[in-house]
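Chain and residue survey
Listed here are the chains, written in short residue letters.
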Amino acid sequence: MKNVHISNRAYSIIRYVVLGIAAVVLIYTSYSLTNSYLDYKEDEAKYAEINEMFHQQSTGNSQSMKKKKKSMDYSSSLTTWVWDYKAMLQYNDEAKGYIKLDGTRIQYPIVEHKDNDFYLKRGSDKVSNGAGAIFLDYRTGGLDGRMCILYGHNMMDGSMFKELMNYREDSFAKKHQTFDVYVGYRHYIYYVFSAFATKDDNDDVYKFGFDDDNDYQKWLNTVCSKSRYKFDNRLPEINDKVIMCSTCVDNSGNRQIVCMYRGEEVVD
């Protein structure tokens, strides 16, 4: 009977320990989810304010203006979205431009720091935020260089570069073959030519400079050949400036890539 009493006592102790651990895990999980939710809401409000910075009162015939700049309108009111790099620099002196994908939540400032860690956990206002920012890899050539890499988190709420994952669907890829990218004071149309998944340690994809034209052409051939969808746009040439957008697929080093080259400049 004594052994039975001890066994029951040990069982009770183990039970309370397990319940205690479960309670701690539940509290931590709730805390983490609450923090994530608050980060999402803060991030959403922050970028809505930035977007609002560029809404200006329309002049002239609003209908004709909307027709002319249909891809640039993010409001049904009598305002149009007009890029203002000077205002962006006042907001963040490390701002390099802006990226937009029509009909999606991808409409963010592009920033760059002296390392790739700074904006992983900071928004485009340099304030701590789990959603981070859309930032340039400091090791590549910048937006006016031959090829640059843009990073953004794959956020659960659909923000940042989450919608790059949609390029795995043919219907989305067919509908979204161009981006609007603002480089300094200039506005360009960029044409998507490749979308694929790769590993973050794939040195054939993640390049940080090229020896010569042949080396660059080899890289272009590599990323073109990997595309899961055949876009309607022409393939890039060695004189084209390319942006490679990268976001995490999972925690195992898998990445979603979308590559685009610079096309015509738009006079806004």
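Residues numbered from 1 in each chain as written. Predicted model: local features only at pLDDT ≥ 70, side-chain atom pairs only at ≥ 80, totals over all residues. Heavy atoms only, no water.

Remarks on helix H5 (residues 213-226)
- The terminal C-alpha atoms of H5 lie 20 Å apart, and with 14 residues this matches the ideal 20 Å at 1.5 Å per residue to within 8%.
- Listed as buried for H5 are Asp215, Tyr216, Trp219, Leu220 and Val223. All buried residues of H5 fall inside an arc of 140 degrees around its axis, so they share one side. In H5, those exposed residues whose orientation departs by more than 90 degrees from the buried face are Asn214, Lys218 and Ser225.
- The inward-facing, buried residues of H5 contact strand S6 (147-151), strand S8 (186-199), strand S9 (242-248) and strand S10 (254-266).
- Where H5 begins, the capping side chain belongs to Asp212, and its oxygen is found 3.1 Å from the backbone nitrogen of Asn214. (Helix = DSSP H or I, 4+ residues; strand = E, 2+ residues; numbered from the N terminus. Expected span 1.5 Å × (residues − 1). Buried < 20%, exposed > 50% of the residue type's maximum accessible area, 1.4 Å probe, protein only. Arc of directions from axis to C-beta. Contact = heavy atoms within 4.5 Å. Polar contact = N/O pair within 3.5 Å; in protein donor to acceptor, adjacent residues only side chain to side chain.)

Brief notes about the sheet that holds S10
- Taken in spatial order, the eight strands line up as S3-S4-S5-S6-S9-S10-S8-S7 and close into a barrel, and their pairing is mixed. The mean inter-strand angle of the sheet, taken between neighbouring strand axes irrespective of direction, is 30 degrees.
- Pairing between strand S3 (residues 95-100) and strand S7 (residues 178-183): four bridges, direction antiparallel. Counterpart to Tyr98 in the pairing with S7 is Tyr182.
- Docked against the sheet, H5 engages S6, S8, S9 and S10, running at close to 70 degrees with respect to S8. (Pairing = 2+ DSSP bridges. Axes fitted to C-alpha atoms, helices over the stretch in contact; angles between N-to-C directions.)

Some points on unusual backbone geometry
- Its identity as a non-glycine residue notwithstanding, Lys126 has a phi of 75 degrees, on the positive side.
- Inspection of the secondary structure puts Lys126 in the loop between strand S4 (107-111) and strand S5 (134-136).
- On the basis of relative accessible area, Lys126 is assigned to the partly exposed category, the value being 32%.
- Backbone geometry at Met160 places phi at a positive 55 degrees, although glycine is not the residue there.
- Position of Met160 relative to the elements: it lies in the loop between S6 and helix H4 (170-175).

A few points about the pairing of S8
- A large share of S8 lies buried, amounting to eleven of its 14 residues.
- Of the pairings in the sheet, the one linking S7 to S8 comprises six bridges and is antiparallel in character. Paired with Thr178 across the strands is Tyr191, a residue of S8.
- With antiparallel pairing between neighbouring strands as the criterion, S7 and S8 make up a hairpin whose turn holds two residues, including Gly184 at a positive phi of roughly 60 degrees.
- Relative to S10, S8 runs antiparallel, the two sharing eleven bridges. Its bridge partner being in S10, Phe196 is matched across the sheet by Ile257.

Some remarks on the state of the cysteines
- For the structure on display, the rule yields zero disulfides.
- The thiol of Cys224 is not disulfide-bonded; the next cysteine sulfur, from Cys259, is found 7.9 Å away. (Disulfide = S-S within 2.5 Å.)

Description of the packing of aromatic side chains
- Scanning the model with the defined rule gives 21 aromatic pairs in all.
- Ring geometry for Trp81 versus Trp83: centroids 6.4 Å apart, planes at 10 degrees, classification stacked. The burial state of Trp81 is the same as that of Trp83; both residues are buried.
- Between Tyr85 and Tyr185, the ring centres sit 4.9 Å apart and the planes meet at 90 degrees, which makes this aromatic pair edge-to-face. Placement of the pair is Tyr85 in helix H3 (residues 85-91) and Tyr185 in the loop between S7 and S8, with a sequence separation of 100 residues.
- Clustering of aromatic rings is evident, with ring pairs tying together Phe54, Trp81, Trp83, Tyr85, Tyr98, Tyr182 and Tyr185.
- Directly above the aromatic system of Phe208 lies the positively charged group of Arg139, at a separation of 3.9 Å from the ring centroid. (Phe/Tyr/Trp six-rings, centres within 6.5 Å; stacked < 30°, edge-to-face > 60°. Lys NZ or Arg CZ within 6 Å of the ring centre and 35° of its normal.)

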